[in-house]
Amino acid sequence: MTEYAARRPLPTSPFKARTQAPSKRFAVGDRVSHDTYGLGRVISVEGDSDIAALVDFGPHQKRITPPYAPMHKL
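Report on the accompanying structure. Please read all numbers here as calculations on a predicted model, not as lab measurements.

So, the environment of arginine 41
Within the secondary structure, arginine 41 sits in strand E2 (residues 38–46). Note on arginine 41: relative accessible area 36%, which makes it partly exposed. Once you skip the residues sitting within four places of it in the chain, arginine 41 turns out to touch Gly29, Asp30, Arg31, Val32, Leu54, Val55 and Asp56.

Right, dumping it as structure tokens:
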């Protein structure tokens, strides 16, 4: 499998260059709000928050993987 490097935008291109959103970082003990599951607390982090976060939402625990768009730190 070949990996490709990101392309540079051409200076004469009429399209805007893609910008990468800042990655969210979560630590053990962080209180979070998830759009689907509600309020919770991070109980475990895999790979320095780059792989997944295990979050306790009360009646259940969920493993949340990036992108963390629906999850916000409180």
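Examining the sheet that holds strand E3 (residues 52–56)
To summarise the sheet geometry, strands pair through backbone hydrogen bonds and adopt either a parallel or an antiparallel arrangement. What the 5 strands build is an open sheet, ordered E4-E3-E2-E1-E5; its pairing is antiparallel. One side of each edge strand has no neighbouring strand; the edge strands of this open sheet are strand E4 (61–64) and strand E5 (71–73). The mean inter-strand angle of the sheet, taken between neighbouring strand axes irrespective of direction, is 40°. Here E2 runs beside E3; their pairing, made up of 5 bridges, is antiparallel. Within E3, the position partnered with glutamate 46 by the bridge is alanine 52.

Comments concerning the pairing of strand E1 (residues 31–34)
Within a regular beta strand, the side chains point alternately toward one face of the sheet and then the other, so they alternate between its two faces. Burial along E1 is one-sided: the residues Val32 and His34 are buried and none of Arg31 and Ser33 is. Strand direction decides the pairing type here: E1 and E2, joined by 4 bridges, are antiparallel. In the strand pairing of E2, valine 32 is matched with glycine 40.

Re the packing of aromatic side chains
Overall, the coordinates contain 2 aromatic pairs when judged by the stated rule. Note on phenylalanine 26 and tyrosine 68: the rings are 5.0 Å apart at their centroids and 80° apart in plane angle, and the pair reads as edge-to-face. Residue phenylalanine 26 is found in the segment before E1, and its partner tyrosine 68 is found in the loop between E4 and E5; the two are separated by 42 residues along the sequence. For tyrosine 68, a relative accessible area of 6% gives the class buried. Relative to phenylalanine 57, the ring of tyrosine 37 has its centre 5.3 Å away and its plane inclined at 40°; by these criteria the two rings are tilted. Of this pair, tyrosine 37 sits in the loop between E1 and E2 while phenylalanine 57 sits in the loop between E3 and E4; the two residues are 20 residues apart in sequence, bridging distant segments of the chain. Its relative accessible area of 6% is what places phenylalanine 57 among the buried residues.

Criteria and cut-off values
- Note that residues are indexed from 1 along each chain, following the sequence as it is written.
- This being a predicted model, a pLDDT of at least 70 is required before a residue's local features are given, and a value of 80 or more before pairs of side-chain atoms are given or counted; all residues contribute to the totals for chains, interfaces and linings.
- Only hydrogens and water are removed before side-chain values are computed, so all heavy atoms of the structure are retained for them.
- Only DSSP runs of H or I covering at least 4 residues are called helices, and only runs of E covering at least 2 are called strands; the numbering of each starts at the N terminus.
- Each residue's exposure class comes from its accessible area (1.4 Å probe, protein chains only) as a fraction of the maximum for that residue type: buried when under 20%, exposed when over 50%, partly exposed otherwise.
- Contacts: residue pairs with any heavy atoms within 4.5 Å of one another.
- For two strands to be treated as a pair, DSSP must find at least two bridges joining them.
- Note on definitions: angles span 0 to 180 degrees between N-to-C directions of axes, and those axes are lines fitted to C-alpha atoms, for helices only across the stretch in contact.
- Two rings belonging to Phe, Tyr or Trp (six-membered ring only in the last case) form a pair when the distance between their centres is within 6.5 Å. Interplanar angles under 30 degrees mark stacking, angles over 60 mark edge-to-face geometry, and anything in between is tilted.

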